[in-house]
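# Coordinate analysis (summary)
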Amino acid sequence: MAQVGATETRWSSRLTFILAATGSAVGLGNIWKFPYEVGQNGGGAFVLVYLACVLLVGLPLMMGEIFVGRKGRRNPADSYGELAKAAGRTPAWRLIGSMGIVTGILILSFYSVVAGWAMAYIPDIAGGMLDGATAESVGKHLEGLWADSDRMMFWHSAFLIITVAIVALGIKGGLERAVKYLMPALAVMMLMLLVYGAVAGDFVAALKFLFTPDFSALTPQSILSAVGLAFFSLSLGMGAVLMYGAYLPEAASIPRVAAAVVLADTAIALIAGLVIFPIVFAEQLPAAGGPGLVFKTLPLAFAAMPYGSVLGLVFMLLLVVAAITSAISLLEPVVSWSEQRLKLPRWLAALAWGGLIWALGLLSLWSMNDWGEVYPLAALDFAPCLSESFCAQRGWAEALGVARLTWFGLLDGLTSNVLLPLGGLMLSIFVGRLLDHYVVSEELGMSGILYALWNVLVRYVARIAIILVFLNAVGILGYVLGLFGVDW
Ligand code: TRP
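Residues numbered from 1 in each chain as written. Predicted model: local features only at pLDDT ≥ 70, side-chain atom pairs only at ≥ 80, totals over all residues. Heavy atoms only, no water.

All right, on to the overall build of the chain then. For the chain, the count of helices and strands is 21 helices and zero strands. Dimensions of the chain, computed from the C-alpha atoms along their principal axes, are close to 65 × 60 × 45 Å. Here the chain holds 488 residues, and 58% of them are scored as buried. When the accessible surface of the chain is summed, it comes to about 19,400 Å², and 67% of that surface belongs to carbon and sulfur atoms. (Helix = DSSP H or I, 4+ residues; strand = E, 2+ residues; numbered from the N terminus. Buried < 20%, exposed > 50% of the residue type's maximum accessible area, 1.4 Å probe, protein only. Areas by Shrake-Rupley, 256 points an atom, 1.4 Å probe, with all protein chains shown as cover.)

Around the ligand sit 17 residues in total, of which Ala 25, Gly 29, Tyr 111, Phe 232 and Ser 235 are the nearest. Interatomic distance of 3.0 Å between a backbone N/O atom of Leu 28 and an oxygen atom of the ligand. Note that a nitrogen atom of the ligand is positioned 3.2 Å from one of the side-chain N or O atoms of Ser 329. Protein chains bury 100% of the 360 Å² of accessible surface belonging to the ligand in isolation. Comparing atom positions with the cavity grids shows the ligand to sit within the largest cavity. Where the shell around the ligand is concerned, the elements lending two or more residues are helix 1 (14-25), helix 2 (28-40), helix 5 (94-126), helix 10 (220-233) and helix 14 (308-341). For the shell around the ligand, a count of residues per class yields nine nonpolar, eight polar and no charged. (Near = heavy atom within 4 Å. Polar contact = N/O pair within 3.5 Å; in protein donor to acceptor, adjacent residues only side chain to side chain. 1 Å grid on protein atoms, 1.4 Å probe; cavity = no way out; pocket = protein on both sides within 12 Å on 5 of 7 lines; lining within 4 Å. Sits in = over half its atoms within 2 Å of the grid points. Nonpolar A, V, L, I, M, F, W, Y, C, P; charged D, E, K, R; others polar.)

With that settled, consider helix 19 (residues 437-444). An α-helix turns once per 3.6 residues; consequently, residues spaced three or four apart project the same way. What helix 19 keeps buried is the set Val 440, Ser 441, Glu 443 and Leu 444. All buried residues of helix 19 project into a common sector of 165° when viewed along the axis, lining one side. In helix 19, the exposed positions angled more than 90 degrees off the buried face are occupied by Tyr 438 and Glu 442. Here the buried face of helix 19 lies against helix 3 (44-72), helix 12 (254-282), helix 18 (407-434) and helix 20 (448-473). Gly 445 sits one or two residues past helix 19 and shows a positive phi near 70°. (Arc of directions from axis to C-beta. Contact = heavy atoms within 4.5 Å.)

Enumeration according to the criterion identifies three cavities of 30 Å³ or more in this entry. A volume near 150 Å³ is recorded for the largest cavity. Every residue lining the largest cavity is counted, 18 residues in all, and those nearest its centre are Ser 24, Ile 107, Phe 232, Ser 235 and Leu 330. Listing elements by their share of the lining of the largest cavity, those giving two or more residues are helix 1, helix 2, helix 5, helix 10 and helix 14. (Points joined across faces, edges and corners; volume = space filled by probe spheres on them.)

The interhelical angle for the contact between helix 4 (residues 76-86) and helix 18, taken along N-to-C directions, is 25°, at an axis separation of 12 Å. Put simply, helix 4 runs roughly parallel to helix 18. Crossing angle aside, the handedness with which helix 4 passes helix 18 is left-handed. When helix 4 is examined against helix 18, the residues Tyr 80, Leu 83 and Ala 84 are found in contact with a partner set consisting of Gly 423, Leu 427 and Phe 430. The residue inventory of the contact of helix 4 with helix 18, partitioned by class, reads five nonpolar, one polar and no charged. (Axes fitted to C-alpha atoms, helices over the stretch in contact; angles between N-to-C directions. Parallel < 35°, antiparallel > 145°, perpendicular 65-115°, else oblique. Left-handed = near helix turned anticlockwise from the far one by under 90°.)

Turning to unusual backbone geometry, a few remarks are in order. You will see that Arg 73, though not glycine, has its phi angle at about 55°, which is positive. Note that Arg 73 resides in the loop between helix 3 and helix 4. What makes Arg 73 buried here is its relative accessible area of 4%.

The first and last C-alpha atoms of helix 10 sit 20 Å apart over 14 residues, in line with the 20 Å expected at 1.5 Å per residue. Judged by how many residues are buried, helix 10 sits mostly within the fold: ten of 14 residues are covered. Three or more residues of helix 10 are buried, namely Ser 222, Leu 224, Ala 226, Val 227, Gly 228, Leu 229, Ala 230, Phe 231, Phe 232 and Ser 233. Positive phi appears at Ser 235, one or two residues downstream of helix 10, with a value of about 60°. (Expected span 1.5 Å × (residues − 1).)

Turning our eyes to something else, we now look at the packing of aromatic side chains. Scanning the entire structure with this criterion turns up 21 aromatic pairs. Seen in terms of ring centroids, Trp 11 and Tyr 247 are 5.8 Å apart; in terms of plane orientation they differ by 85°. Their pairing is edge-to-face. On the criterion of sequence distance, the pair formed by Trp 11 in the segment before helix 1 and Tyr 247 in the loop between helix 11 (240-245) and helix 12 is long-range, its members being 236 residues apart. Assessed through its relative accessible area of 2%, Tyr 247 is described here as buried. Centroid distance Phe 302 to Phe 315: 6.4 Å. Interplanar angle 50°. Geometry classified as tilted. Highlighted residues: Phe 302 in helix 13 (residues 293-303) and Phe 315 in helix 14, separated in sequence by 13 residues. Grouping residues by exposure puts Phe 302 and Phe 315 together as buried. Taken together, the aromatic side chains of Phe 110, Trp 117, Tyr 121, Trp 146, Phe 295 and Phe 408 make up a single cluster linked through ring pairs. Here the guanidinium or amino end of Lys 33 rests over the ring plane of Phe 232, the centre of that ring lying 4.2 Å away. (Phe/Tyr/Trp six-rings, centres within 6.5 Å; stacked < 30°, edge-to-face > 60°. Lys NZ or Arg CZ within 6 Å of the ring centre and 35° of its normal.)

Pairing between side chains becomes possible if they bear opposite charge and their charged atoms approach one another. With the rule as written, the count across this model stands at twelve salt bridges. For Lys 71, the salt bridge is made with Glu 443, and the minimal N-O distance between the two is 3.6 Å. Placement of the pair is Lys 71 in helix 3 and Glu 443 in helix 19, with a sequence separation of 372 residues. Looking at Lys 71, the relative accessible area reads 37%, which means it is partly exposed. Classification of Glu 443 by relative accessible area gives buried; the value is 13%. For Glu 250, the salt bridge identified is with Arg 73, shortest N-O distance 3.0 Å. Residue Glu 250 is located in the loop between helix 11 and helix 12, and its partner Arg 73 is located in the loop between helix 3 and helix 4; the two are separated by 177 residues in the primary sequence. Among the charged side chains, a salt-bridge network with shared partners connects Arg 70, Lys 71 and Glu 443. (Salt bridge = Lys/Arg side-chain N within 4 Å of Asp/Glu carboxyl O.)

What follows concerns the side chain of Glu 332. Secondary-structure assignment places Glu 332 in helix 14. A residue is classified by how much of its surface remains accessible, and Glu 332, at 0% relative accessible area, is buried. Within the local environment of Glu 332, its side chain forms a polar contact with the side chain of Tyr 247, the two groups lying 2.6 Å apart. Ignoring any residue separated from it by four or fewer positions in sequence, one finds Glu 332 in contact with Val 167, Ile 171, Leu 175, Met 243, Tyr 244, Tyr 247 and Arg 346.

In short, shape yes, function no, at least from these values alone.
Structure, rendered in structure tokens:
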């Protein structure tokens, strides 16, 4: 079969794929979100639920996504389209791939702003920001950064320039070279910090917090956040993993590489917890600091500890490196699509999309100051209320819990809670049900009971978990349960 539009590019080896995909997976999700969500949701029990989600939903879907990429050998839209055509299904499946490409653009727009904060901290810490720091001074520092659009814009731009440059250089000259140096660097920094936390921090308290489950701290909401977090952290549901799978050599076993990536991502999330919490607990600071945990609580703890400035610097560098190797996987799908469909040269595509993403990022950036009280979804309240009990007194936006979302909150929530789960749901239907079982099991290199197990997990377990997250995110779950008198 003539592979029109299919890519000839391949990773140099199975290991390079694992490095790149792990680089995509390990990012702000592991080092920033995972620890603060664990902190907010009470520790051990949440960790346990997260691990179950990763194993039962994340791993099977990761295999499915790599499969679509390697079989399709194209950008997400065309890979879906080709496989659907080959299986006699509607070519409209390509829209799922297109949605993923757009999701990547949306995520990268705010991801770059947050990565910019970590970058901004590097010269500040090097310049002595932590010397004699107090809770007040660190708090002021973060607020000062958020109030300063120009400074945030500078770092947001710097981060995107690095990302665009790597992607512009191509798979072998850019992505592969970047992950070959950055991933070992990331591992070394991580281990340094882990040893430091174990020696200088309160390691026992952290172990207890992370691994002694207190199920009373678990709410249905926190279970659903664990599913969403697993998606985000594993880079699932938008086609980043699919895109990397398109460059995976034929001989590599999909279940094996998927297992390696999932294992590495999960290990790094746990280690991030074991880096952050010993240090935070050593200073008797709260674990439930929310999104400010690594930008406020942690620097404060570092300030009080021996060699804190040096290690604080290493930590921010770690955050930036992890974010770069993730950001390139968010940009690659749209660039590959532009190359294959629009026949644009790679460098031009990377630059043009980078520019658009930069501009989109301003929405999130200004949400931290001038637009802090712009709530785009508040307009929903003008929609007629169809259900007395649900929205008569409080209006739709309030009832759905979106009345006070800024643009930043909207982009984050829309992608993590709606678009990624939706992408995951369609993926699970596509690979679990619509494609020919024979084709799938052969490409995955699994048969018999193993294939059956995978298929059940993708078709039922993953699907049900995703549907619940989705219904919850768009407020329907709360609405329906409300009809039965359950307060959600
Ligand atoms: N997984 C990355 C993180 O943990 C973020 C990321 C990169 C991502 N590519 C993605 C999230 C694709 C969802 C989809 O920070």
